[in-house]
Amino acid sequence: MEFFTLHDFMTYSKGITYLVMGAILVFMPLYWLYLTDRDD
Amino acid sequence: MGPEKAIAEKQYFTPFNVVAGIIIFVGLIITILRFTKGIGAVTNLDNNNPWGLWIGFDLLCGVSLAAGGYMTSSACYIFGLKKYHSAVRPAILTAFLGYALVVFALNYDVGRPWKLPYPIFYSQGTSSLLFEVGLCVFLYLTVLFVETTPAAFEWLGFKRIRHWVVRLTLVLTIFGVVLSTLHQSSLGALFLIAPSKLHPLWYSGYLHVYFFISSMFAGLSMVIFEGTLAHKWLHHKMDDTHLAEANGVVLGFGKAASFIMMGYVGIKIIGIAVDNNWHYLTTGWGLWFLVELIGFVLFPAILYSVGSREKNTKLIRIAAIWTVLGIVLNRLNVSLIAFNWHLPSADRYFPSFMEFFITIFIITIGVVAYRFVVTRMPILYEHPEYKKDH
Amino acid sequence: MAISRRKFLGSLGATIGATTTGALTKAYGATNKHFKGYPEGFGVLHDTTKCIGCRKCEQACNEVNKLDKPERPFDDLKVMDQKRRTGEASYTVVNKFKGSGDVFAKKQCNHCQEPACASACFVKALKKDETGAVVYDESLCVGCRYCMVACPFNIPAYTYNDPLTPKVTKCTMCLPRILEGKLPGCVDICPREALIFGKRKDLVKLAWKKINKNPDHYIEHVYGEYEMGGTSWLYLSGIPFEQIDMREDLGVTPAPQFTSGALGTVPIIVGLWPVLLTGVYAISKRKEKIASQELEQAVKSTQALAENEMNDQLSKLKDKMTKEKETAIQNEVKKALQEAAKKAEEDAKAAQEAETGDDEAVEDTNAVDGTNAADDAVKEEE
Ligand code: SF4
Ligand code: SF4
């Protein structure tokens, strides 16, 4: 994708970043549960 | 019949209720004006000053003073400082009410409030810091709501669902801290886009860090301050645990606030140094900046330190009020006073009477709601059935 | 000032620490790339030295955009005695300044190459179009007025007195007319070539050509070439731009750059805070566990200690008792033996007194009897 303005570039890249952030927020607690569920 | 009726009347017409009632009544009239005649009819906002008291105070101060929620819950649940447990519920409740009122106040300020969900659900302007603020405030309000529900469920006797919500405590607390870090700092970062309008002493590349760090001691001070008020008016609602832990909360929070404030003074000076803004300190604006930094951060930090060294809770409570005033001053400086500093005084903004009144109206709603909840739900005391589990 | 600030925008380090400095370059990824704006974008060159302050452009703008008629007519030039800004019924204004004689300058949205207003808008209601125009979509606008806070030129206005459908108003560069192949209203009407419409890249060249051809006439600066990352409207002036109310302290940093540092910290906080906080939680939880284990152990060991002591005491007591018993038995035995001996003596005496022959036998039996008695005593005790 070609961007002509920094603003367009940021709108696009930050949009993807927000989706990544959402995924991280969901994934991390689950991973923690998986990591620790055999602890006593 | 006679005496009972007298009692009922007495309960309705307490001085508190009368004053609150009048404020709410007038507030509603101004509300009608706002939505029938427009923002221009009730505010002094203009094209040079698009943000006024409702953003500077209701949004910026409201959010930073509601920081007690994430500070207290993270101290208790993440850092394991169990001795603050009795302070968590009141802090979460005030935070929830605070954020709810911030969103409520926004409905007055934005032009078309029914479109407030747009940035989140319809057209995401991801390059904007306001988008970040909006998203976080929305999510955090949800988190706070869920965190408040156990008290309501205990009151209503919904044991099963309460149990499930309580199991989420840790995740909610961590979410809360993440979201708070983000929007507290982003509120400061809102002004990064306008370096040409904000006075250099307040404009800094660190603005978002300043807002976040100051929200920490704002939250701590607010918890102490609210505690003071609650002890005065709602003493009878507190259980022994709460009363026994209260002094510990005051001392511990005061000490923490004092230390964070010293750190804040340090990074403020760093901010002047990296932008080489020393020469502004000798101007009138510099004096005002020093009043804020020395008079309303350094001074209460020292008050706090003396109070916590000498175990003088009264001094700490005074320091807390002072700090809260300092936060208000800082937020107003950034958003209103030092903003548009280069405009001639004729073009500067001063809030209208009705703007002030709506702000008071919203605070009053908050106090009434707090009283309503606290006198019914297990906030300042533990519900006897759930004492064991925390 | 602005440049030094830009350097320090990334204060990430202060929030999270040195670990994230690597991420910083990424958050700044945008700076490595230079965005030059839409190559075919249009613009207008405003030569203020040619402007005569006739206010015809204001009138044309008003008509093209079907705005409210002002109280005072457009040919009333006294209006310019007061400095004005753009408003909801005036997307453009011409102001009068004192230079060598009267100097006029037209003001409207500059259609920035990197619009601060668009960067600030949280619903994408403002956009930089490929024609160069910065356009506004009323149907998205929430009315937060952050765009007005952001605009360094104080251009957007708001219809504050409209209760239900208030909106942001500003110059559209006459985008609808441009798309029809017409000139913007103001350019079209200008009688003095003070406004020249064209491709921005051509206008920059034209502006410099004018300056170079007539260096005494112009200040050597094309306002808008670099200001805030550049604007589609460009200005030439015969007196310093500060004097015609155009700020020269805006710097050249494109607006989105100001916020990119803070925006860059956001994902890093989301990525790292849960890790750090869960870590802190795990540590405090573990401390708690160890503390409670230690407590348990301490209790246990004190218990064991107490038990040992008790056992000790018990066995000592037992020993003592057995010893006492033994001495008691021995005493008994002694006593019995003594008694037996005494008796035997007495018997022997008696026997001697009576009969000397039986002596030995009697003594023997008695002795045996005495031992037996002692034996019995021991058995009973046990
Ligand atoms: S001049 Fe102001 S309103 Fe116009 S594009 Fe630039 S930032 Fe936006
Ligand atoms: S007022 Fe409208 S156009 Fe301006 S930033 Fe807010 S939503 Fe965007």
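What counts, and at which threshold
- Every residue gets a number counted from 1 within its own chain, in the order that chain's sequence is written.
- To read the labels, note that chains go from A and ligands from 1, taken in the order they are written.
- Restriction of local features to residues with pLDDT of at least 70 applies here, the model being predicted, together with a cutoff of 80 or more for giving and counting side-chain atom pairs; totals for whole chains, interfaces and linings are based on all residues.
- Side-chain measures were taken over the full set of non-hydrogen atoms in the model, leaving aside hydrogen atoms and water.
- In this text, helices come from DSSP runs of H or I with a minimum length of four residues, and strands from runs of E with a minimum of two, each type numbered from the N-terminal end.
- Residues are treated as being in contact if the distance between any of their heavy atoms lies within 4.5 Å.
- Accessible surface is estimated by sampling points in the Shrake-Rupley manner with a 1.4 Å probe; for residues, cover comes only from the protein chains shown.
- We take the radius of gyration over the C-alpha atoms and set the globule estimate at 2.2 Å times the residue count to the 0.38 power.
- Residue burial is assigned from relative accessible area. The probe radius is 1.4 Å, only protein chains are included, and a residue is buried under 20% of its type maximum, exposed over 50%, and partly exposed in between.
- Computed with a 1.4 Å rolling probe, the buried area is the accessible surface lost when two parts are put together, summed over both parts.
- The term salt bridge refers to a pairing of a side-chain nitrogen on Lys or Arg with a carboxyl oxygen on Asp or Glu at a separation within 4 Å.
- Pairing of N or O atoms within 3.5 Å defines a polar contact, subject to two protein rules: one partner must be a possible hydrogen donor and the other a possible acceptor, and residues neighboring in sequence count only if both atoms are side-chain atoms.
- Paired strands are those between which DSSP finds at least two bridges.
- Each residue carries a pLDDT score, the predictor's own confidence in it, on a scale running from 0 to 100.
- Residues are grouped as follows: nonpolar covers Ala, Val, Leu, Ile, Met, Phe, Trp, Tyr, Cys and Pro; charged covers Asp, Glu, Lys and Arg; every other residue, Gly included, is treated as polar.
- Being near a molecule or strand, for a residue, means having at least one of its heavy atoms within 4 Å of it.
- As a rule, the C-alpha atoms of each element are fitted with a line to give its axis, helices using only the stretch in contact, and angles between N-to-C directions run from 0 to 180 degrees.
- Reported orientations rely on four angle classes, namely roughly parallel under 35 degrees, roughly antiparallel over 145, roughly perpendicular from 65 to 115, and oblique for the rest.
- By the definition used in this description, the sense in which the near helix is turned from the far one sets the handedness, with an anticlockwise turn below a right angle giving left-handed and a clockwise turn giving right-handed.

1. Describing the overall build of chain C
From N to C terminus, chain C includes 12 helices and nine strands. Expressed as a percentage of contacts within chain C between residues at least 6 apart in sequence, the contacts between residues at least 24 apart total 59%. Working note: accessible area of chain C is about 20700 Å², and carbon and sulfur atoms make up 54% of it.

2. Observations regarding the overall build of chain B
Helix and strand counts for chain B come out as 15 helices and zero strands. Here the C-alpha radius of gyration of chain B, 22 Å, is about what a compact globule of 390 residues would show, namely 21 Å. Overall, chain B is about 65 × 55 × 40 Å in size when its C-alpha atoms are taken along their principal axes. The 390 residues of chain B split such that 59% are buried. Long-range pairs, those at least 24 residues apart, make up 80% of the contacts in chain B between residues at least 6 apart in sequence. On chain B, roughly 16100 Å² of surface is accessible, and the fraction owed to carbon and sulfur atoms is 72%.

3. Observations regarding the interface of chain A and chain B
It is common to give the size of an interface as the accessible area lost on bringing the parts into contact. At the junction of the two partners, chain A supplies eight residues and chain B supplies six residues. Looking only at chain A, the three residues that lose the most surface to chain B are Thr 11, Tyr 18 and Leu 25 of chain A, adding up to 65% of its buried area. Applying the counting criterion to the chain A and chain B interface returns zero salt bridges. Connecting chain A to chain B are two residue pairs in polar contact (both at pLDDT 80 or more).

4. Focus: the pairing of strand E9 (residues 233–236) of chain C
Regular strands place their side chains on alternate faces of the sheet. Residue and element names in this part refer to chain C. Covered by surrounding structure in E9 are Trp 233 and Tyr 235 together with Leu 234 and Leu 236, the residues of both alternating faces. Across four bridges, strand E1 (residues 42–47) lies against E9 in parallel orientation. Pairing of Asp 47 across the sheet is with Leu 236, part of E9.

5. Focus on the confidence of the model for chain B
Per-residue confidence for chain B gives a mean pLDDT of 89, with 96% of residues at or over 70. This stretch, residues 1–8 of chain B, has a pLDDT under 50; its non-local contacts, to residues over four places away or in other chains, come to zero contacts.

6. Considerations on the interface of chain B and chain C
In this assembly, 69 residues from chain B lie in contact with 65 residues from chain C. For the chain B and chain C pair, buried surface summed over both sides reaches about 5700 Å², with 62% attributable to carbon and sulfur atoms. On the chain B side of the interface with chain C, the three residues burying the most area are Asn 47, Arg 112 and Ile 193 of chain B, jointly 14% of the side's total. Viewed at the interface, chain C and chain B are joined by three salt bridges. Among the ionic pairs, Glu 288 of chain C bridges to Lys 82 of chain B, the shortest N-O distance being 3.3 Å. Run the count over chain B and chain C and you get 32 residue pairs in polar contact (both at pLDDT 80 or more). Listing elements by their share of the side of chain B that touches chain C, those giving two or more residues are helix H2 (15–37), helix H3 (39–42), helix H5 (68–78), helix H7 (118–121), helix H8 (129–156), helix H10 (169–189) and helix H11 (207–233) of chain B. Taken together, the residues of the side of chain B that touches chain C break down into 38 nonpolar, 21 polar and 10 charged.

7. Considerations on the site of ligand 2
Around ligand 2, the structure places 13 residues, and the nearest of them are Cys 121, Cys 141, Cys 144, Arg 145 and Cys 147 of chain C. Each residue belonging to the shell around ligand 2 can be placed in one class, and the counts come to 11 nonpolar, one polar and one charged.

8. Concerning the packing of H8 of chain B against H10 of chain B
All names here are of chain B. Close contact between H8 and H10 brings their axes to 9 Å; oriented N to C, the two are set at 150 degrees. Relative to H10, H8 is oriented roughly antiparallel. Between H8 and H10 lies a crossing whose hand is left-handed. Residues Leu 129, Glu 132, Val 133, Cys 136, Val 137, Leu 139, Tyr 140, Val 143, Val 146 and Glu 147 of H8 lie in contact with H10, whose contacting residues are Leu 172, Thr 173, Phe 175, Gly 176, Leu 179, Ser 180, Leu 182, His 183, Ser 186, Leu 187 and Ala 189.

9. Description of the packing of helix H4 (residues 53–65) of chain B against helix H6 (residues 85–109) of chain B
Geometry of a packed helix pair, given as the angle between the helix axes and the separation of the axes. Residues and elements named next belong to chain B. For the pair H4 and H6, the least separation of the axes is 9 Å and the interaxial angle reads 165 degrees. The angle between H4 and H6 places the two elements in the roughly antiparallel class. As H4 runs across H6, the sense of the crossing is left-handed. Across the interface between the two elements, Trp 54, Ile 55, Asp 58, Leu 59, Gly 62 and Val 63 from H4 touch Tyr 99, Val 102, Ala 105, Leu 106, Tyr 108 and Asp 109 from H6. Here the contact of H4 with H6 is built from residues that sort into nine nonpolar, one polar and two charged.

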